[in-house]
Number of protein chains: 2
Amino acid sequence: MQFQLTKEFLEQLNNAVAENAEKEVMRLVNELHPVDVAEILDEQNLEQAQAFFNFLPKEFAADVLVELDEERREKFLEALSSQEIAEHFIDNMDSDDAADIIGELSEEKRGEVIAHIEDLEQASDILKLLDYHGDTAGGLMTNELISVNWNWDINTCLKELKKQAEELERVYTVYVVDDNNVLKGRISLRRLLLTPGTKKVIDIYESDILSVTPDVDDEHVAMLMDKYDLVSIPVVDELNRLIGRITIDDVVDVIKEEAEKDYQLASGISENIESSDKFWIISRARLPWLLVGLLGGIVGSKIIGIYEGEIQLHPEMAFFIPLIAAMGGNVGVQSSALIVQGLANKSMGLTGIWSKLGKEMLVGIMNGLVCSILIFGYTFFFQESLNLAVTVSTALLSVIFFAGIFGTLIPLLLHKYKIDPALATGPFITTTNDIFGIFIYFFIGYLMYA
Amino acid sequence: MQFQLTKEFLEQLNNAVAENAEKEVMRLVNELHPVDVAEILDEQNLEQAQAFFNFLPKEFAADVLVELDEERREKFLEALSSQEIAEHFIDNMDSDDAADIIGELSEEKRGEVIAHIEDLEQASDILKLLDYHGDTAGGLMTNELISVNWNWDINTCLKELKKQAEELERVYTVYVVDDNNVLKGRISLRRLLLTPGTKKVIDIYESDILSVTPDVDDEHVAMLMDKYDLVSIPVVDELNRLIGRITIDDVVDVIKEEAEKDYQLASGISENIESSDKFWIISRARLPWLLVGLLGGIVGSKIIGIYEGEIQLHPEMAFFIPLIAAMGGNVGVQSSALIVQGLANKSMGLTGIWSKLGKEMLVGIMNGLVCSILIFGYTFFFQESLNLAVTVSTALLSVIFFAGIFGTLIPLLLHKYKIDPALATGPFITTTNDIFGIFIYFFIGYLMYA
């Protein structure tokens, strides 16, 4: 049932396409889902992909286009006239997908395509959707939905529903509105089926309904739908009039993208990239944080430079530089990651900054003691120097303790000033703690050996 | 509409609970969703929470119990008799939630609770669900679903649907089965509404349906539902008989947990913890990676120890130890994160390991050159030593180049041997690259100054 793309299949398909064997091509992809076909197109070279795409029936091709990799889609659309795009594809799409795709076109082509859309109502829906920012509820919503008037009886509802449902692929929730299209609540299909036909909607609908306005941040929408286990959420304007709905599949993408962004920031990658992107795009996304690391390394070299004389006298001090720097970085990343995750999940509860700091201090003392006792033992017995053992273990304890505090405070501060706290988890905190660790280490060493 | 828990509200509620003012308590929480009530309970101390919980109507309390923090729920259930748990709560829950909660009880209490469930069919459903492992489709599924026989006509369907729907909160998909309960396909409510009542299901149902068996990994289920934009997926046994369904809300949790796990591993946290956990749990989850870092630091100290004489003669060599180590770590984390994310998204495509390595080499050369030219300039002009400038910049170029290769290869290798590749992104790869970087640096330095 589930399709698994193989090299053999791809070869077979490419041969059939090359031979212009339409029947064979259609036999191969007959049972496939648009997502699977999009996956195939992403693996072909542009020429093969375009030839294959032309074999697909237009309505199916529209679904495939929606699922395609953005870069590839752009290439496809460049090769088509505005009229073709509008009549073959946009007309077959839901308004949200259509708006997303038109939004990717050049400004000039955008206008042409919209002018070619035959259904004027759809054209106007798309124009409205294009106005919303991509990262808001408006950017996620679609205008297609099912609503009933609260003055109707159930029989009228069912009749209207049949009419409206013809345009809809999936019914999630039936929304209840008043004569002015103001959202009043919802009614489940189940309830509609179970209620006698002469009853009125106003007597049986459920009035507890959560809605959002188009300007709400998409991450907030995702949080709400996740928290309250919603499969769809209505979008209303400032007068509470129903203008659209957002479905869970789009929100799953938001949740995944958000998690990926945090993960990439924590790994020192500054743009949303994939391993399949071109190498210079990957380079560019990775370079900024490397430069931060470079700068940090230079500052570190300056600090060590102050103690040049010390090192000449006690070169063994240099042995533990990487240990101290690495541990500071590790602890900082650990504690900031917990805070970033807590902020992202809104799972921080009502406890304030002080209780978090207090806990982090306890963790720091505990893990710091374990690590510094171990390193004291090692240094004392294997390097046979009490001075060195005391220096390394005291520095390590302080570094673990303070790195944890910085790692807790910095993301909380960034969050307070509306900056993405995930920025703190990357090389930024590692580098800061590297430098701080080296400073502490040499300062203690200086005191010990002085 | 949306509830926001505040300290003031909590205080008001706690006062009402302390005064045993049932009316006031119910007034305060009257409009709230079970999730919101669970959030309140998590913020109260145990005594307050238990007193508050006792005010809630039993059916509502069952929904709240499902949403509660696991630790708190355990405390609540300890205070209740098996009979109370079964009759007040389990009887009001869907089978999957009931199985999850019973699964958390001690083995002894588990048997007692099941013995007290009044609905024997539900008891048997729960027993079956308890057998499945939590990380599989079986662990996610619920037995409550709606199915129709393909020999029925639409009128019979609608009648049966009304009967079945009474037990169900939400209808996602109506499944179509044959006389042996073998899954044949699905039929949308829309189609049922639009089709004349005398038509037969077998003539209008849709046969393309994706299903999973209970042993399928939950992450695979999540991937399927995400890829094909499904809101529910049926679960079948080895004879393709319909035994349950999985809904998108449970899968969203799987997706989030998976992302969190990867994020925590990348940040050097070895258990799934939250910032609100007790400090010794946080300590324990963080210590393992700190010990890895400690060990790495000791190995690093050994390597530097070999060049003790060099350092005494050229203490400036020590200045750039942190820079080299940090850059190796940063690059390693960047490249492994991309691979881990690609593996998690199945977005690696058909391109093989060699093309990935080739690309990583290009990125390494590019970013390595930029960084090493910068550091050459800095060292040459500010430290005024050609030897040092050549050593630092050559070492940096090599470190960036090789750290990228290691970062690419290690997660791919782990994945090949069925080990979670996310393990590679944490302090493991940082530490390895730290050590490697130091080795390269001193080796080049030795050659330059010799």
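To keep things clear, this report deals only with the structure shown in the data block. Just so we're clear, the structure is a prediction, and the values are computed from it rather than from any experiment. (Residues numbered from 1 in each chain as written. Chains lettered and ligands numbered in written order. Predicted model: local features only at pLDDT ≥ 70, side-chain atom pairs only at ≥ 80, totals over all residues. Heavy atoms only, no water.)

## A word on the nonpolar core
By size, the foremost hydrophobic cluster in this structure holds 134 residues, and its most contacted members are Phe52 and Ile246 of chain A together with Phe52 and Ile246 of chain B. Those residues within four positions of Ile246 of chain B in sequence are excluded, and the remaining contacts are Ala137, Leu140, Met141, Val212, Val221, Met225, Val231, Ser232, Ile233, Val235 and Val251 of chain B. In terms of nonpolar packing, the next biggest core, distinct from the first, is built from 72 residues, Phe320 and Ile440 of chain A together with Leu287 and Val399 of chain B among them. (Core = buried A, V, L, I, M, F, W, Y, C linked by side-chain atoms within 4.5 Å. Buried < 20%, exposed > 50% of the residue type's maximum accessible area, 1.4 Å probe, protein only. Contact = heavy atoms within 4.5 Å.)

## Things to note about empty space enclosed by the protein
For the structure on display, the rule yields 9 cavities of 30 Å³ or more. Approximately 380 Å³ is the volume attributed to the largest cavity. Lining the largest cavity we find 30 residues, and of these Asn330, Val333 and Thr430 of chain A together with Asn330 and Thr430 of chain B sit closest to its centre. Within the residue set of the lining of the largest cavity, elements represented by two or more residues are helix H20 (321-345) and helix H23 (427-449) of chain A together with helix H20 (321-345) and helix H23 (427-449) of chain B. The element contributing the most residues to the lining of the largest cavity is H20 of chain B, with 7 residues. (1 Å grid on protein atoms, 1.4 Å probe; cavity = no way out; pocket = protein on both sides within 12 Å on 5 of 7 lines; lining within 4 Å. Points joined across faces, edges and corners; volume = space filled by probe spheres on them. Helix = DSSP H or I, 4+ residues; strand = E, 2+ residues; numbered from the N terminus.)

## A few points about a nonpolar patch on the surface
All names here are of chain A. A surface patch of nonpolar side chains, amounting to about 540 Å² of accessible area, comprises Phe376, Phe380, Phe381, Phe382 and Leu386. Top element by residues in the nonpolar patch is helix H21 (residues 353-383). It accounts for 4 residues. Note that Phe376 resides in helix H21. The exposure class assigned to Phe376 is partly exposed, which follows from its relative accessible area of 31%. (Patch = residues over 30% accessible without salt bridge, like charges linked within 9 Å, V, L, I, M, F, W, Y side chains within 5 Å. Areas by Shrake-Rupley, 256 points an atom, 1.4 Å probe, with all protein chains shown as cover. Salt bridge = Lys/Arg side-chain N within 4 Å of Asp/Glu carboxyl O.)

## Describing the relation of the copies chain A and chain B
Rotating chain A by 180 degrees and translating it 0.0 Å along the rotation axis places it on chain B, where the RMSD comes to 0.1 Å. Such values leave the two copies arranged in the relation of a two-fold axis. For chain A, the minimum C-alpha distance to the rotation axis belongs to Gln312 of chain A and amounts to 2.4 Å. Interface residue correspondence from chain A to chain B reaches 100%, placing this contact among same-surface, isologous pairings. (Least-squares fit on C-alpha atoms with pLDDT ≥ 70 in both.)

## Focus on the sheet that holds strand S3 (residues 183-187) of chain A
All names here are of chain A. Spatially, S1-S2-S3 is the arrangement adopted by the 3 strands of the open sheet, whose pairing is mixed. What marks the edges here is a single partner per strand, and that holds for strand S1 (146-149) and S3. With strand direction ignored, the average angle separating the axes of adjacent strands in the sheet is 35 degrees. Of the pairings in the sheet, the one linking strand S2 (residues 174-177) to S3 comprises 4 bridges and is antiparallel in character. (Pairing = 2+ DSSP bridges. Axes fitted to C-alpha atoms, helices over the stretch in contact; angles between N-to-C directions.)

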